[in-house]
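Residues per chain are reported as follows:
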Amino acid sequence: MVYAIAMVKDEADIIAQSVGWMKSQVDEVVVMDNGSTDGTREILEDLEVTVLDDREVAYHQSEKMTMLAGMCQDNGATWVVPFDADEIHIGTSGRLADTLTALPADVLISEAALFDHVPTGLDPLGAPPVNRIRYRRASQAPLRKIALRPANGMTIHQGNHSATFAGNRHPKTVTNVAQVRHFPYRSVEQFVSKVRNGAAAYAASNLPESVGAHWRQYGQILEARGEEGIAEIFHTWFYREDPTVEHVIGDERQAALVFDPCPLPKL
């Protein structure tokens, strides 16, 4: 049995696509909702996945995702796929669950390449985010996303980028049997909501100030300058009016985006 697990809050614009897709790729989906107020919880219930309540505001992602993985292990999971509401996980050789279960028995971690999609001035209006945001950055993100075989002593680390197993310093890992399409910034309104929730979640945590530093900083900008300050960040860093040309921000030069729509069939 392959399980997928997620923590979500206020992702109503994309949750039906990401969770609906994941349902088609694994055997069971478990989502922990952190007090969504935008309709996310209701959409999840309509999708008929297991929904749990997370009443702790603090963003202790590592602790919570490890707990969910342990719960799945107790229910017979042979693989667990941690995912975020803004991600589409795709097996490179068919259904994700089949890709993972076909791996040799000694493989404990599968690392997937991560590609960030960027909204642009050429996006079709009115389409759902995964269908609308068709351009991505030219290079894959420096960090990968993981799936893992659940085992006693496992820890999923912050960001779902890595995992460790007590007593096993070098768990056997494979790469590139899956890829992840990432849609973190989809509109000014969504980004404002993400900043507000992210800053509050990290402020309530006991994590070092260096963890989630950008969300803490964005929260300070939101407090000082309001939504206009966040909109400026969005349009400067996370939006391209013309994705086909190089983008220059101060002294930083960013390559043109790549037209590469997510291979997600309609559900």
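That block above? That's the structure.
A brief report on the enclosed structure follows. This is a predicted model, so every value here is computed, not measured.

## A short note on the packing of aromatic side chains
For any pair of aromatic rings, geometry is given as the distance between the ring centres together with the angle between the planes.
And then number 1: Applying the stated criterion across every chain yields a total of eleven aromatic pairs.
And then number 2: Between the aromatic rings of tyrosine 185 and tryptophan 215, the centroid separation amounts to 6.5 Å while the plane-to-plane angle is 40°, which identifies the pairing as tilted. Of this pair, tyrosine 185 sits in the loop between β11 (173-182) and α6 (188-203) while tryptophan 215 sits in helix α7 (residues 213-225), and the two are 30 residues apart along the sequence.
And then number 3: A relative accessible area of 15% means that tyrosine 185 is categorised as buried.
And then number 4: According to the relative accessible area criterion, tryptophan 215 is buried, its value standing at 11%.
And then number 5: Feature note: the residues Tyr185, Phe191, Trp215, Tyr218, Phe234, Phe238 and Tyr239 constitute an aromatic cluster, connected by ring pairs.

## As for the environment of valine 248
And then number 1: Counting through the fold element by element, valine 248 comes out in strand β12 (residues 247-249).
And then number 2: Between the C-alpha atoms of valine 248 and tryptophan 237, which are eleven residues apart in sequence, the distance is 10.0 Å.

## Brief notes about the pattern of salt bridges
One side chain can pair with another of opposite charge once the charged atoms of both are near each other.
And then number 1: Tallying each qualifying case throughout the model produces 19 salt bridges.
And then number 2: With a shortest N-O distance of 3.5 Å, lysine 194 and aspartate 86 are connected by a salt bridge. Note that lysine 194 is positioned in helix α6 and aspartate 86 in the loop between β4 (79-82) and β5 (87-91), a separation of 108 residues in sequence.
And then number 3: Between arginine 253 and glutamate 246 there is a salt bridge whose closest N-O contact spans 2.7 Å.
And then number 4: Judged by its relative accessible area of 57%, arginine 253 falls in the exposed class.
And then number 5: The exposure class of glutamate 246 is partly exposed, given its relative accessible area of 43%.
And then number 6: In this structure, a network of salt bridges that share partners links the residues Arg41, Glu45, Asp53 and Arg55.

Parameters at a glance
- Residues numbered from 1 in each chain as written.
- Predicted model: local features only at pLDDT ≥ 70, side-chain atom pairs only at ≥ 80, totals over all residues.
- Heavy atoms only, no water.
- Phe/Tyr/Trp six-rings, centres within 6.5 Å; stacked < 30°, edge-to-face > 60°.
- Helix = DSSP H or I, 4+ residues; strand = E, 2+ residues; numbered from the N terminus.
- Buried < 20%, exposed > 50% of the residue type's maximum accessible area, 1.4 Å probe, protein only.
- Salt bridge = Lys/Arg side-chain N within 4 Å of Asp/Glu carboxyl O.

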